[in-house]
Amino acid sequence: MSDSFESQRLTERYITPLFDRSLLLVAGKGCTVWDTEGRSYLDLVGGIAVCSTGHCHPAVVAAIQNQASRLIHCSNNFFIPGQGQLGERLASITGLSHVFLTNSGTEATEAALKLARVRTGKKQFIAFEDGFHGRTSGSLACTYKPQIREPFGPFATDCTFLPYGDAEELNKAISDTTAAVLIEPVQGEAGVLLPPPGFLAEVREICTDTGALMMADEIQTGMGRTGTWLACEHEGVTPDIITLAKGIGSGFPVGAMVAGKDLAFAPGEHGGTYNGGPLACAAALASIDVIESLMPFVREKEALFAKGLSEFHPRTRGLMIGITVGDRCPEVRDRCQKEGVLVNCTGHGIIRMLPPLVITKEEISFATSVISEAIHEIR
Ligand SMILES: *Cc1c(COP(=O)(O)O)cnc(C)c1O
C-alpha cells in the first residue's frame, strides 16, 4: 500500500471532513513542493500566503532547529527569548507601539476586538461585505459570508456589514457608539478584490472624525506580500490597530495584534499559554529578515504575472493575484495541478495565487503559461 493511499484512508476515516483535498505533499524547497510519488509542483497557493520565504528556507529552518534544541516552551510568566526583539521589529514595521503575539490570524482578530471594546468602552463594530476576519466567534461575527457565519449566530459581537469601497455608506452608518471599523486593505479570501483608490484614506479620515478605531486586517496582505510591509502603505494610511499572521512565520503558527500608543491591554485583560513562545519568535525573526531582502523584487514579479495573464484581466496587488474565471474554476485548478502548478479557487469563481515571494522569473513564466492554457481549455 502506498504512503499516499494509507494517509488518505486514515485521514478520511479519522479527521473531521472539512476539506476537499487530493494531494499528499511531503517536501518543499523554494517555490516547489513534492508529493509521495516524487512528482513536483510549482506552488502558487503558498500555504495561503503563509510560505512567503519559500518552503523550508535554510535561515528559517536553522532558527527553528537552533531554538528547539535550547528551549521549546517556558510560559509567559517569564521573559521569553526573542519576544522583545520581535516586538521591536513589528512596532517598527507598523509604526505602532504595543504588540500582542498570537498563534493564528483569528486570535489576532479576537485580541483586536477585545482591545477595542475595553479601551473605547463601546460595543459596536463595522466590517465590510465579502470581508474575512477569522472563524472563532468574535472574528466570525465580523466575517461576511452568510453560509459560514449565519449557522453560528447570534453573536456576542455586534457587527454591521457595509459595501466595500463605499465611503458614503460608512459615513451614514458610523456614529459615536462605533468602537472600530475592520477592514482588509485588499480582500483576500474574497478573491483579491481591490478597494477603489483613496478608499483606505477615506476610512482613516472618517474613523478619526468620529472617534472610532481603524482596524486593518493585514493577516493576508501584510508582511511584504504586496511589496511593502503593509498594504495600507500604498495609501499612506496608518491604522490604530493592525493584525498580522500568515506570512510572518513561514508556516510556524504565529500572529500579532499591534496597536497605537494609547491602546495597550492592562494586566489580566488578555493572555494565552502559547502566545509568543520561543519557537514562534525565532521563526518570525528569521522570516522577517528574509522577507526584507525579497520585498524590493515583489513589484517586478507582480508585473510579470500581470503581463503573462493580461488577456484574463488579473487583479494584482504585489504577489496577490486573482482572476475571475466563473463556475468552472475547480476545473481550471485541477488542470493546472495535472500540469504541475498549484492554484486555489475562492468564492465567486476566482483563481487566486499567493506564491512564495522567492518565486523566480522562470517559474512565473512557466506558471502563467500553464494557467493561460488551462483557462483557454475550459472556454
Ligand atoms: C486567513 C485570514 C484570517 C484568519 O487567520 P487564521 O490563521 O486562519 O485564523 C483572518 N483574516 C484574513 C484577512 C485572513 O486572510
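Residues numbered from 1 in each chain as written. Predicted model: local features only at pLDDT ≥ 70, side-chain atom pairs only at ≥ 80, totals over all residues. Heavy atoms only, no water.

A closer look at the site of the ligand
Alright, step 1. As a matter of local geometry, the ligand sits amid S104, G105, T106, F132, H133, G134, E184, E189, D217, I219, Q220 and K246.
Alright, step 2. At 2.8 Å from an oxygen atom of the ligand is found a main-chain nitrogen or oxygen belonging to T106.
Alright, step 3. At 2.8 Å, a side-chain N or O of Q220 approaches an oxygen atom of the ligand.
Alright, step 4. Considered on its own, the ligand offers 380 Å² of accessible surface; in the complex 82% of this is hidden by protein.
Alright, step 5. Here the shell around the ligand is composed, by residue class, of 2 nonpolar, 6 polar and 4 charged. (Near = heavy atom within 4 Å. Polar contact = N/O pair within 3.5 Å; in protein donor to acceptor, adjacent residues only side chain to side chain. Areas by Shrake-Rupley, 256 points an atom, 1.4 Å probe, with all protein chains shown as cover. Nonpolar A, V, L, I, M, F, W, Y, C, P; charged D, E, K, R; others polar.)

Some thoughts on the nonpolar core
Alright, step 1. L44, L90, M223, F305, M353 and I371 are the most contacted members of the largest nonpolar core, which has 49 residues in total.
Alright, step 2. If we ignore the near neighbours within four places in the chain, the residues touching F305 are L44, L319, I321, M353, P355, I359, I364 and T368.
Alright, step 3. Of all hydrophobic cores here, the second largest spans 20 residues; its members include F125, F161, A259 and L263. (Core = buried A, V, L, I, M, F, W, Y, C linked by side-chain atoms within 4.5 Å. Buried < 20%, exposed > 50% of the residue type's maximum accessible area, 1.4 Å probe, protein only. Contact = heavy atoms within 4.5 Å.)

Some points on the sheet that holds strand β7 (residues 178-183)
The pairing of strands in a sheet happens through backbone hydrogen bonds and is either parallel or antiparallel.
Alright, step 1. Across the sheet, which stays open at both edges, the 7 strands sit in the order β4-β10-β9-β8-β7-β5-β6 with mixed pairing between neighbours. Each edge of the open sheet is held by one strand with a lone partner, namely β4 (98-102) and β6 (158-162). Strand after strand, the sheet turns through a mean of 20° between neighbouring axes, direction not considered. (Pairing = 2+ DSSP bridges. Helix = DSSP H or I, 4+ residues; strand = E, 2+ residues; numbered from the N terminus. Axes fitted to C-alpha atoms, helices over the stretch in contact; angles between N-to-C directions.)

Some details on the packing of aromatic side chains
Alright, step 1. Overall, the coordinates contain 5 aromatic pairs when judged by the stated rule.
Alright, step 2. Ring centres 5.9 Å apart and planes at 75° place the aromatic pair F100 and F265 in the edge-to-face group. Pair noted here: F100 is in strand β4 and F265 is in the loop between β10 (255-259) and α10 (278-294), with a separation of 165 residues, a long-range link.
Alright, step 3. Classification of F100 as buried rests on a relative accessible area of 15%.
Alright, step 4. Where F128 meets Y164, the ring centres are 5.9 Å apart and the plane angle is 75°; that geometry is what we call edge-to-face. Of this pair, F128 sits in strand β5 (residues 124-128) while Y164 sits in the loop between β6 and α8 (167-173); the two residues are 36 residues apart in sequence, bridging distant segments of the chain.
Alright, step 5. Of the residues examined, F128 reaches a relative accessible area of 2% and is grouped as buried. (Phe/Tyr/Trp six-rings, centres within 6.5 Å; stacked < 30°, edge-to-face > 60°.)

Here's the deal with the layout of surface pockets
Alright, step 1. For the second largest pocket, the calculated volume is near 550 Å³.
Alright, step 2. Around the second largest pocket, the lining comprises 28 residues; the ones closest to its centre are N76, Q83, V99, F100 and L101.
Alright, step 3. A class-by-class count of the residues in the lining of the second largest pocket yields 15 nonpolar, 11 polar and 2 charged. (1 Å grid on protein atoms, 1.4 Å probe; cavity = no way out; pocket = protein on both sides within 12 Å on 5 of 7 lines; lining within 4 Å. Points joined across faces, edges and corners; volume = space filled by probe spheres on them.)

Comments concerning the sheet that holds strand β2 (residues 32-35)
Alright, step 1. Read from one edge of the open sheet, 4 strands run β1-β2-β3-β13, paired in mixed fashion. With partners counted over all chains shown, the strands left at the sheet margins are β1 (25-29) and β13 (341-342), one partner each.
Alright, step 2. In this sheet, β2 lies alongside β1 in antiparallel orientation, the contact comprising 4 bridges. Within β2, the residue paired with K29 across the bridge is T32.

Here we look at the side chain of T106
Alright, step 1. By secondary structure assignment, the location of T106 is in helix α5 (residues 105-120).
Alright, step 2. A residue is classified by how much of its surface remains accessible, and T106, at 17% relative accessible area, is buried.
Alright, step 3. The contacts of T106, once residues within four sequence positions are left out, are H133, G134, R135, T136 and S139.

Describing the state of the cysteines
Here, disulfide denotes a covalent bond that connects the sulfur atoms of two cysteines.
Alright, step 1. Under the criterion given, the structure shown has 0 disulfides.
Alright, step 2. Sulfur of C74: no disulfide; nearest cysteine sulfur belongs to C281 and is 9.6 Å away.
Alright, step 3. This cysteine, C336, is not joined by any disulfide, and C345 carries the nearest cysteine sulfur, 9.0 Å off.
Alright, step 4. Judged by its relative accessible area of 0%, C336 falls in the buried class. (Disulfide = S-S within 2.5 Å.)

Quick word on the packing of helix α12 (residues 329-338) against helix α13 (residues 361-378)
Alright, step 1. Across the interface, α12 lies against α13 with an axial gap of 9 Å and an inter-helix angle of 135°. Considered as vectors, α12 and α13 are oriented oblique to each other. Crossing handedness for the pair α12 and α13: right-handed. When α12 is examined against α13, the residues E331, V332, R335 and C336 are found in contact with a partner set consisting of V370, I371, A374, I375, E377 and I378.
Alright, step 2. Across the contact of α12 with α13, the residue classes break down as 7 nonpolar, no polar and 3 charged. (Parallel < 35°, antiparallel > 145°, perpendicular 65-115°, else oblique. Left-handed = near helix turned anticlockwise from the far one by under 90°.)

A short note on empty space enclosed by the protein
Alright, step 1. Throughout the structure, instances matching the rule amount to 1 cavity of 30 Å³ or more.
Alright, step 2. Estimates place the volume of the largest cavity at around 40 Å³.
Alright, step 3. Forming the walls of the largest cavity are T109, A112, H133, L182, M215, A216, D217, I241 and T243.
Alright, step 4. Listed by contribution, the elements that provide at least two residues to the lining of the largest cavity are α5, β8 (213-217) and β9 (241-244).
Alright, step 5. Tallying contributions element by element places β8 first for the lining of the largest cavity, with 3 residues.
Alright, step 6. Within the lining of the largest cavity, the residues separate by chemical class into 5 nonpolar, 3 polar and 1 charged.

By themselves these figures say nothing about function.
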